[in-house]
Every structure is written in C-alpha cells, then in structure tokens.
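Working through the structure, step by step
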Amino acid sequence: MDRIELEQRVQQLNDLLHEYGHAYYVRDTPLVSDAVYDQYMQELLAIETEHPDLVYPDSPSQRVGGEALAGFGKVVHAFPMLSLSNAFNENDLREFDRRVQEAVGHNVSYICELKIDGLAVSLRYEDGKFVQGSTRGDGAVGEDITANLKTIHTIPLRLKEPLTIEVRGEAYMPKKSFAQLNVARDESGEEPFANPRNAAAGSLRQLDPKIAASRSLAVFVYSIGGDGSVYGQDRHSSSLDNLDALGFETNKERQRCTSIEEVIAYIEKWTASRLDLNYEIDGIVVKVDHFEDQEQLGFTARSPKWAIAYKFPAEEVVTKLLGIELSVGRTGVVTPTAILEPVHVAGSTVGRASLHNEDLIKEKDVRIGDTVIIRKAGDIIPEVVAPIIEQRTGDEVPFDMPKNCPECDSELVRIEGEVALRCVNPQCPAQMKEAIIHFVSRNAMNIEGIGERVVDQLYNAELVHDVSDLYTLTKEPLLELERMGEKSVSNLLTAIEASKTNSLEKMLFGLGIRHVGEKAATILAEEFGTLAALMEADVERLLTIHEIGDKVAESLTTYFGNEDVLEVLRKLEAYGVNLTYKGRTRQEMPTEGPFAGKIVVLTGKLSILTRNEAKEQIEALGGKVSGSVSKKTDIVVAGEDAGSKLAKAEELDITVWDEEQLVEALGEKE
Ligand code: IVH
C-alpha cells in the first residue's frame, strides 16, 4: 500500500470501528460479530504501531488506555457545574410545582429522568472531536480525566456532526460489573469498593488509563452545557433526542409529564422497580421541559430553579448503640457520636453515626445499650433515627453531656439561642486541628493529601500548630510520620506549594471566619481585591456592600481585631501565600459605557452571537446577565421568537433592544 492508500485505509477502519462500536455499546444492536470487529481493530493497531503519525486522537484504538499520567490537570468549567435542590416527599414536589407555575404563569410540561448514582462528568467536543473530559470538582474547577474517559465506549470520540459543544452526564458502573470487580478485588486481597458510585469514581481517578479501560464504565449524558437552546433546540426533551442522534447514550426511561400528578406516578413506578435496573439510581430528576420556561425560572447560586431531584427514602436498619463519643469541631461545638455495632446500610458498613446534639438525644430518649434504627441522611451521613423502646431490657443507661471539654477540659458554654454546647477556649487542640482540616479542604485551599489522620500526626508531632505552619513543612520530619513515604511526602509538599498561588477567596473561606462561607468570601475578595484592604474596612464600610449583613460585618471586624489572628496572617504573607484576588475586582469593572452596572436579560433566539458570547461580552463591559425580567432589569435583548419575557419587559416599560442593537452597543467598546 502506498502512503495515500494507507491513509485511506486508516480512515476507513476508523469509520467502521466507530460505527460498529456505537451499534454495539450504545444501541445494543451489533452490526457485525465480535470476530469481525476484532479483526478490523487488529489491522488498525498494526498500522498504527508501524505508523504512529496515523494514530488520530479520536482513533477507536484509544479506548484501550494510553500512557499513565503524572497527575491530573485542572479544568475551569465554561459554565459552572451546579447541583440540584432536593425533594424528599410528595409535598416537596407539589411545592416545587407551585413555585414553577407561579414564576412561569402557565402550566408547564416536565421531563422526569432517572437520577443515576455515579459521578458528574463534562465532555467537550471541538468540531465534533472529543477533546476534553473533566470531573465536577468544586463546580467551578474540575480535574482533567480525558485519558480515562476516552476508554469508555459509550462516550463517542467523534460526533455525527462537526459540532463544538460541551455535554454533561453521569459516569457510572453497572451493577454486574461492580459485583465482578469486587469479587476480583477480594480474591487479590484488595479492599472491595463500598458501592458502584465509589467504584466508578475510584476508576476515573486513577492516573493509569488502563485501569479505567478494564472497568466497564458507562456514561448517560443528560444535558448540553449552558443553555441547550444555543444548539437550535427549544426543549430539553428534543435536545436529549438530538444528543442521541449525535452518537451519545441518553437514558431511555425518561418520560414527559404534563402535571405533577403524572410526575408523582412516575416516581412511584420507579420507587417500586428501581432494583430491576442494571445500574443504581438514587432518585428521580424532574426538569421543566421548555428552555423558555427554564430561563424564566433562572438559577439560585447553587442550582437551577427549573429542576429538582427527588431522593428515594433512605434504607433503615437496626443495630445496637454501644456507646457515645464526644468530638469538638472547628467552632468549638461539642458533638455526640453514636458508637454502633457495625451494620451494613445503603452500600457501606457503618460503626458510627451522628447524634447531633444533647437536646436531640433527650428528645429521642436514646440510651446507651439501646437497639436503635440507623439510616444515612442524604444517603451519605449515618444518623440514629430512634431507639426501639419495646426492646429495652432495663440495663440501658441515659446519657448526660459533660460540663467540660473532652479535649482541653475547659468549661463548656451554651450560647443563647443555640442548642449546641461549645468549648470557647481558642487554644483547644481539637478546634485547632479542625481549623487546619477546614483550611486544606477542597473548597478552601484544596491541599490534597492532608486528611484528619495526617493533621492529627502533624499536630501531635508539634510540626503544625496553626495553618501558617503548613508552609514551613519540610521533607525529613514528614518522613518520620506514620505511613508517609517519599512519594506521599513529595506529593504533599507539592500540593502545599501549589496552594500558595490560590486566589484570595479560597484563603478567606479557609480561615474559617464565622459566618463567612464560600459566597461571602468571594464577594469580599471581589470587593476589596487584597487581604490588606479588607482588613482595613470597618463595619460601616463592610455594610456598604449590598450582599454583606450585620452578622458577617461584625464577625470580620472581631476576627481581624484578634492579635493571634494577625500573627497567623503575617506569617502566611511572609511564607509567600498569595493574598490577592485573581479575578477582576468590582472596582476594576467598567463604570462607563452602555453596560456598566446594567442588568441585561437575553431572550429569544440570537443569530449573530451565541448566548454565551453575548453574556461574556456584556460581562466584560461591566454588565450582569440575568435570567428573569423584573423591575431591576435595565435592558431586555429580544431575539427571534421572544415570548413571555418580552411581554413582561413591555409591561414593565423596560428598554427592549433587538440583537443588532446589542451588537452595536458591544462594538462601542473599541
Ligand atoms: S441534571 C444543574 N439529570 O445528580 C445540574 N443530574 O445534584 C443538572 N445526576 O451530580 C443535573 N442523574 O450529576 C441531572 N438525569 C440526571 C441525573 C443527574 C444523575 C446527578 C448529577 C449531579 C446530581 C445533581
């Protein structure tokens, strides 16, 4: 074969193997026998081995898993990967339906889908080629797991059309593959996975893609990133059909419902038959079908208002309460934990469960020695539901909270209006350790490799006393610690070093200032730009920020007024930890121009710009793009077929532009 013939043959083999693979793995209707498939694959592999320049990134041969990686890169999501708010009963669903109808002003249709119990992934395609796949991470930044995702046969490496899109879905491990994997692990003396979700997540977090390739994973895609209407669809249901046509696998059990009664019937059906599926589901996702209605509803900071996840009731089991242990948290709250006779519940063995606080123990009348009912709240955190009074023998012992801190012995206080008992000694070792654990956690400084066990060791060995000490750690003393080898020490030090460059909001959140959660930390970083500027702000100045209230303002000034805190902050600075915000601060936002400080709503179909481009450009000029029209809206941009939002804008007498006016105004920046 000459070069041209060879190239043509490779193209042909690529095409055939893609088609046969799709028929086999996605449509479940093989077109050829396994032997024929294998023969073509062998031929392709032989040519590729001889001519590595003919290995295309989307070659079907890439499914076997390439070279192992040194680590995962980070991926900044073009649209945040949000989560869903939950419904636990019929009431919650009816309430959701009421809110939806009220906001939209008419009856809506819903799409009900199975909530696959796996992990969310984002898949990016350029010109129809799969170029990057990532995990959810903290929603804003995930990990690049492209090499592992390429091994999954239900993820097309090339699409039926040369589209540039991002799709989202759930990666999972079928029940049968999970069972087989655990048998194999057991035989080879490895720890079995607790459930298929952990097995799927564990497989995709391996640096060697050959492991993922050997694990029969699959993906159901459930949405197009951002607003699906960008790709010419007007409804979620038709965009799912479109995803099927492009070569993806969507879950076929979805159903369109035109009333909440139908939604409830769908949920009842799947509550009864979920165990018959060959993959695990943990609930039902209910989504408003029309994109126009979705837009009208918009988002909260965490989740879309147009969807809700109904969670199946938690499995409950019975066991014995052997004792109650006390632990002291980051803020000094003393929490009682139940020590249980180990019992299997919702996919894992549980030996400890939360008892929340003293009042709850009294209210439920839980006694040591009781037979108790256990479940996992939100399917994750084990909790004691209630004792079974009929099974008491009379030997059970009621529990009283101690008067003193179990860690440092200082007197516990009950702050007015709170149920919790608190240790208020700032030097209490338990609190100091918890503060470090919070500082390194994923949504804060994101230092991997330090968990509770390592913090315990670091603290007990007097290597780390406060968070700034993390930046003084060196190799030798770390090697002395239990279960710390060269590799883990080196990874740990690299992770600590990398965290120095984090943007300010990560650190602000990590400091664990009372009432300053992730959202407030970001607002403060955006507003002040540097830690020094924030520290100078008094309560009055803080209260000029629209989203900051009394509680946060006071907590901040108290915090920065503390000499010990100042010392830690000085040290962090001296060790080279970044104390500035990396995004654009509010002061840097344009104050002039057509969009400065303006709230803009985009509606209808845009044809010159994509919705995302329009949004980005408006934001770059200091505007905000919102999903719904209200009195606060300054400009509504109405594309083709604009509906209820345009009507509302007219009703409220808001400036309405067509797309050309928008483009013209955006052009004014130059
Ligand atoms: S829609 C804005 N549909 O459930 C989020 N999610 O909190 C849109 N999940 O981790 C998600 N099956 O990965 C959607 N059919 C489905 C789903 C589904 C599973 C997961 C999702 C996320 C969680 C929702």
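Here's what I pulled together on the structure shown here. Quick caveat: nothing in here was measured; it's all calculated off a predicted structure.

**Quick word on the overall build of the chain**
Scanning the chain from N- to C-terminus turns up 24 helices and 24 strands. Relative to the globule expectation of 26 Å for 670 residues, the C-alpha radius of gyration of the chain, 28 Å, shows essentially globular dimensions. Dimensions of the chain, computed from C-alpha atoms along their principal axes, come out at roughly 80 × 70 × 60 Å. Put simply, the chain has 670 residues, and 47% of those count as buried.

**Some remarks on the site of the ligand**
Among the 13 residues in the neighbourhood of the ligand, the closest are listed as Leu 84, Glu 113, Glu 170, Tyr 222 and Lys 287. In this structure, an oxygen atom belonging to the ligand sits 2.3 Å away from a side-chain N or O atom of Glu 170. Note that a nitrogen atom of the ligand is positioned 3.0 Å from one of the side-chain N or O atoms of Lys 287. Out of a free accessible area of 520 Å², the ligand has 85% covered by protein chains. Counting only elements with at least two residues in the shell around the ligand, the list comes to β3 (110–116) and β10 (281–288). Ranked by the residues each element gives to the shell around the ligand, the list is headed by β3, at four residues. Split by residue class, the shell around the ligand holds eight nonpolar, one polar and four charged.

**Focus on the pairing of strand β8 (residues 218–224)**
Burial analysis of β8 places six of its seven residues in the buried class, the great majority of the element. With six bridges joining them, strand β7 (residues 165–172) and β8 adopt antiparallel strand pairing. Note on β8: the bridge partner recorded for Glu 170 is Phe 220.

**Some thoughts on unusual backbone geometry**
Positive phi outside glycine occurs at Glu 462, with the angle close to 60°. Among the structural elements, Glu 462 can be located in the loop between α13 (452–460) and α14 (475–479). In this model, Arg 483 sits at a positive phi of 50°, which is unusual for a non-glycine residue. Mapped onto the elements of the fold, Arg 483 is located in the loop between α14 and α15 (486–499).

**Concerning the environment of Leu 609**
Structurally, Leu 609 can be placed in the loop between β21 (599–603) and α22 (611–620). Residue classification places Leu 609 among the buried positions, given a relative accessible area of 13%. The spatial distance from the C-alpha of Leu 609 to the C-alpha of Leu 662 is 9.7 Å, given a sequence separation of 53 residues. Setting aside its immediate chain neighbours within four residues, Leu 609 contacts Ala 614, Gln 617, Glu 659, Leu 662, Val 663 and Leu 666.

**Observations concerning the sheet that holds strand β23 (residues 635–638)**
In space, the four strands of this open sheet follow the order β22-β21-β23-β24, with parallel pairing throughout. Unpaired on one side and paired on the other, β22 (624–626) and β24 (655–657) mark the two borders of the sheet. Pairwise comparison of adjacent strand axes, ignoring direction, gives a mean angle of 30° for this sheet. Bridging between β23 and β24 involves three bridges; their strand directions are parallel. Pairing of Val 636 across the sheet is with Val 656, part of β24. α22 contacts β21 and β22 of the sheet and is inclined by roughly 170° relative to β21.

Definitions and cut-offs
Residues numbered from 1 in each chain as written. Predicted model: local features only at pLDDT ≥ 70, side-chain atom pairs only at ≥ 80, totals over all residues. Heavy atoms only, no water. Helix = DSSP H or I, 4+ residues; strand = E, 2+ residues; numbered from the N terminus. Rg over C-alpha atoms; globule rule 2.2 N^0.38 Å. Buried < 20%, exposed > 50% of the residue type's maximum accessible area, 1.4 Å probe, protein only. Near = heavy atom within 4 Å. Polar contact = N/O pair within 3.5 Å; in protein donor to acceptor, adjacent residues only side chain to side chain. Areas by Shrake-Rupley, 256 points an atom, 1.4 Å probe, with all protein chains shown as cover. Nonpolar A, V, L, I, M, F, W, Y, C, P; charged D, E, K, R; others polar. Pairing = 2+ DSSP bridges. Contact = heavy atoms within 4.5 Å. Axes fitted to C-alpha atoms, helices over the stretch in contact; angles between N-to-C directions.

From the geometry alone we can't say anything about function, so treat these as descriptive.
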